[in-house]
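Given next are the chains, with one letter for each unit.
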Amino acid sequence: MLAFPAAQAEKADRLKPFIFSSEKTGLVDAVNQRTELLGNVVITKGSLLVRAEKVDVRETRDGYHQAFATGTADQPVSFRQARDIPGESIDGVANQLEYDTHTETVRFIGNATVRRLRGTTVAEEVTGAVIVYNSRTEVFTLEGGSASPNPNGRTRIVMMPRAQPGDEAASAPTAPLPLKPSMTLQPGKPS
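Note that the structure is a prediction, hence the values are computed from the model and not measured.

Asker: Explain the overall build of the chain to me, please; I cannot follow it from the model alone.
Answerer: Within the chain, the regular secondary structure consists of one helix and 13 strands. Per-residue burial for the chain yields a buried fraction of 34% across its 191 residues. Across the chain, the fraction of contacts at a sequence separation of at least 24, relative to all contacts at a separation of at least 6, is 45%. Of the roughly 11900 Å² that the chain leaves accessible, carbon and sulfur atoms contribute 55%.

Asker: Would you mind going over the confidence of the model for the chain with me for this structure?
Answerer: Parts of the prediction with low pLDDT should not have their coordinates interpreted in detail. The predicted model of the chain averages 85 in pLDDT, with 79% of residues at 70 or higher. The low-confidence segment residues 1-7, where pLDDT is below 50, has 23 contacts with residues more than four positions distant or belonging to other chains.

Asker: Would you explain the side chain of Glu-88 in this entry?
Answerer: As for its placement among the helices and strands, Glu-88 is situated in strand 8 (residues 88-94). Ignoring anything within four residues of it in the chain, the contact list for Glu-88 reads Ala-82, Arg-83, Arg-116, Leu-117 and Arg-118.

Asker: Whenever I open this one, the packing of aromatic side chains confuses me. Can you help?
Answerer: Given two aromatic rings, one states the distance between the centres and the angle between the planes to describe the pair. Scanning all chains against the criterion turns up five aromatic pairs. Measuring from centroid to centroid gives 5.5 Å for Phe-18 and Phe-20, while their planes differ by 20°, and the two rings are stacked. Residue classification places Phe-18 among the buried positions, given a relative accessible area of 18%. Judged by relative accessible area, Phe-20 falls into the partly exposed class, the value being 30%. The side chain of Lys-45 reaches across the aromatic face of Phe-18, ending 4.9 Å from its centre.

Asker: Explain the pairing of strand 4 (residues 34-45) here, please?
Answerer: Regular strands place side chains that alternate from one sheet face to the opposite one. Note that strand 2 (residues 19-21) and strand 4 share three bridges and pair antiparallel. Within strand 4, the position partnered with Phe-20 by the bridge is Ile-43. Here strand 3 (residues 26-29) pairs with strand 4 via four bridges, running antiparallel. Bridged to Asp-29 within strand 4 is Arg-34. Between the end of strand 3 and the start of strand 4, which pair antiparallel, lie four residues, with Gln-33 showing a positive phi angle near 55°. Relative to strand 5 (residues 48-59), strand 4 is paired through 10 bridges, and the arrangement is antiparallel. Within strand 5, the position partnered with Thr-35 by the bridge is Val-57.

Asker: Looking at this model, I keep getting lost on the nonpolar core. Mind explaining?
Answerer: Counting 26 residues, the largest nonpolar core has Phe-79, Leu-97, Tyr-99, Phe-108 and Ile-131 as the members making the most contacts within it. Per-element tally for this core: the top contributor is strand 5, with five residues. Once residues within four sequence positions are removed from consideration, Phe-108 is found in contact with Phe-79, Gly-92, Val-93, Ala-94, Gln-96, Leu-97, Val-114, Ala-129, Val-130, Ile-131 and Tyr-133.

Asker: Looking at this structure, I do not really get the pattern of salt bridges. What am I missing?
Answerer: Two side chains of opposite charge can pair, provided their charged atoms sit close to one another. Applying the stated criterion to the full structure yields 12 salt bridges. Across the pair Arg-34 and Glu-36 runs a salt bridge whose closest N-O atoms are separated by 3.3 Å. Given the relative accessible area of 27%, Glu-36 is considered partly exposed.

Asker: Explain empty space enclosed by the protein here, please?
Answerer: To find leftover empty space, one rolls a probe the size of a water molecule over the atoms. This structure, assessed with the given rule, holds one cavity of 30 Å³ or more. In this structure, the largest cavity spans a volume of roughly 30 Å³. Every element with two or more residues in the lining of the largest cavity is listed here: strand 6 (65-70) and strand 9 (96-100). Class assignment for the residues of the lining of the largest cavity results in seven nonpolar, no polar and no charged.

Cut-offs used in this document
- Residues numbered from 1 in each chain as written.
- Predicted model: local features only at pLDDT ≥ 70, side-chain atom pairs only at ≥ 80, totals over all residues.
- Heavy atoms only, no water.
- Helix = DSSP H or I, 4+ residues; strand = E, 2+ residues; numbered from the N terminus.
- Buried < 20%, exposed > 50% of the residue type's maximum accessible area, 1.4 Å probe, protein only.
- Contact = heavy atoms within 4.5 Å.
- Areas by Shrake-Rupley, 256 points an atom, 1.4 Å probe, with all protein chains shown as cover.
- pLDDT = per-residue confidence, 0-100.
- Phe/Tyr/Trp six-rings, centres within 6.5 Å; stacked < 30°, edge-to-face > 60°.
- Lys NZ or Arg CZ within 6 Å of the ring centre and 35° of its normal.
- Pairing = 2+ DSSP bridges.
- Core = buried A, V, L, I, M, F, W, Y, C linked by side-chain atoms within 4.5 Å.
- Salt bridge = Lys/Arg side-chain N within 4 Å of Asp/Glu carboxyl O.
- 1 Å grid on protein atoms, 1.4 Å probe; cavity = no way out; pocket = protein on both sides within 12 Å on 5 of 7 lines; lining within 4 Å.
- Points joined across faces, edges and corners; volume = space filled by probe spheres on them.
- Nonpolar A, V, L, I, M, F, W, Y, C, P; charged D, E, K, R; others polar.

The structure is reproduced here in structure tokens:
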């Protein structure tokens, strides 16, 4: 298991509506609380964005949602969600994805890769056959196996070094030159 620094997925997303769109067929079964979409499906909920070829969403009796998404060989399922830390997000891809709003977990299944990004820079990356991301606790659970993108079915974790206190000053842009008043321009007169 791997825990990232304490910060959750963006809390405001919990209060946002689910928005679904697709290019092909769709079915809304109000009696069974089920929605199925096919063909370049896009799901949004606040900062959350899921893209898949096929999605099956079920509403539980207590009002939570469970989404099951499947990609294609050419286009895996993708997931992205902002974290409560400004500028940071979780970004992942896999053959299949399971998302549960009750437990606030995302399960990436088959050739799974999940990254924590600071802006566009990768801070951490985990890969494996199955990755379960708990956005409440910020814990990733990894499983190896034949569906891992790594050799011999192994899991893999890459953690980028954190910036050291002295590194910020060295990489900071140089201060701009101070402004000086013009000796040739006079107030109120065009130049």
